[in-house]
Amino acid sequence: MAYIIETKNQVMTFSINRPHIRNAINNEVMEGFEELANRAREEDIRYVVITATGEQAFCSGGDLSVFHELKTEQQAWPMLSRMGEALYRIKTIPVPVIALVNGTAVGGGCEIATACDYRLVKSHAKCGFIQGTLAITSGWGGGTYLFETLKHDAALKMLSDARAYTATELFENGWASAIIEEDGDIEQFLASMNRVLPSVHRAYKEIAIRKWQETNLKQRVDQEIRECARLWAKEAHHQAVDRFLNKSKK
Ligand SMILES: CC[C@H](C(=O)O)C(=O)SCCNC(=O)CCNC(=O)[C@H](O)C(C)(C)COP(=O)(O)OP(=O)(O)OC[C@H]1O[C@@H](n2cnc3c(N)ncnc32)[C@H](O)[C@@H]1OP(=O)(O)O
């Protein structure tokens, strides 16, 4: 399976399970995120955790070996909007959603982590919105979510740098909620929260969800995705993807 969903002690954990390809997202993983968004609303849980198998990568974004076949704006839009919809439904799950960034998170992988409420980042992990190096923007809503998360200048800089940031840089610019040196650090982050009833956590998350609804967050995400689809069709993007895929063949 390209993903694993497990629930233990009222914590529903989703793991991307494609370590051989740095946990890149294909259609099967997208199905998994859609399943997660549904089950998290149906089951009595305290938190959702999104992570990945292995120590090297959290997620390397869209699976370029699959999605490079999408050439036109009309071909790219269905994939981008499908994952964009899944990510918005994950962002608005009515309990805290925690990204346990176990390794490299780039491109769409950084977007997935940014959609979460918290980002617990392993100290060796590097994360960045590298979409710019492929001559596109973020395309699953992550750019819109970043402007909701960081100070304006820090968000614009992280998107415009189009490079992977170190864990220290991610904590300094506010993207990382905490740096995880060892597993105990995760429990320490959750210790105070665990003393609070799930009903209180849900009530606080609903405040954020209402704000996002009142400020048309979903419509702003859709506009981001449309711009990504437009840039996707340009020759500069196709050439950049071909360079990556040909590099992998050497
Ligand atoms: C809207 C989102 C948007 C979209 O959907 O397109 C994006 O996500 S754009 C960004 C797409 N992602 C990337 O451009 C990242 C590509 N990958 C890398 O830069 C590196 O693999 C990295 C930094 C994640 C890890 O580097 P490392 O040296 O540790 O590993 P390798 O590069 O040797 O990769 C191992 C193996 O996996 C294949 N691979 C890695 N990432 C992807 C990917 N995103 N799509 C397809 N395949 C990927 C890589 O080709 C290697 O394959 P192998 O056959 O073993 O050579």
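Our structure's up above, just so we're on the same page.
Described in the following lines is the structure provided in the data block. These figures come from a predicted structure and were not determined experimentally.

## So, the pattern of salt bridges
Taken as a whole, this structure holds 14 salt bridges when the rule is applied. Here Glu34 ties to Arg82 by a salt bridge, and the two come within 2.7 Å at their closest N and O atoms. Here the residue Glu34 occupies a position in helix H1 (residues 27–42), and Arg82 occupies one in helix H3 (residues 73–91), the gap between them amounting to 48 residues. Across the pair Lys157 and Asp161 runs a salt bridge whose closest N-O atoms are separated by 2.8 Å. Of this pair, Lys157 and Asp161 are both found in helix H6 (residues 152–161), four residues apart, which corresponds to roughly one turn of the helix. Salt bridges sharing common partners tie together Glu35, Arg39 and Glu43.

## A short note on unusual backbone geometry
The backbone phi angle of Asn9 is positive, close to 50 degrees, even though this residue is not glycine. Residue placement: Asn9 occurs in the loop between strand S1 (3–8) and strand S2 (11–16). A relative accessible area of 66% places Asn9 in the exposed class. Unusually for a residue other than glycine, Asn23 sits at a positive phi of about 55 degrees. Tracing the sequence through the fold places Asn23 in the loop between S2 and H1.

## Some thoughts on the pairing of strand S3 (residues 47–52)
Most of S3 sits out of view: six of its six residues are buried. Alternating positions in S3 separate into two faces, Tyr47, Val49 and Thr51 on one and Val48, Ile50 and Ala52 on the other, with burial throughout. Between the parallel elements S2 and S3, the chain passes through H1 in a crossover that is right-handed. As defined by bridge partners, S3 adjoins strand S5 (residues 97–101) across three bridges and the pair is classed as parallel. Its bridge partner being in S5, Val49 is matched across the sheet by Ile98.

What counts and how
- Residues numbered from 1 in each chain as written.
- Predicted model: local features only at pLDDT ≥ 70, side-chain atom pairs only at ≥ 80, totals over all residues.
- Heavy atoms only, no water.
- Salt bridge = Lys/Arg side-chain N within 4 Å of Asp/Glu carboxyl O.
- Helix = DSSP H or I, 4+ residues; strand = E, 2+ residues; numbered from the N terminus.
- Buried < 20%, exposed > 50% of the residue type's maximum accessible area, 1.4 Å probe, protein only.
- Right-handed = clockwise from strand over helix to strand, strands pointing away.
- Pairing = 2+ DSSP bridges.

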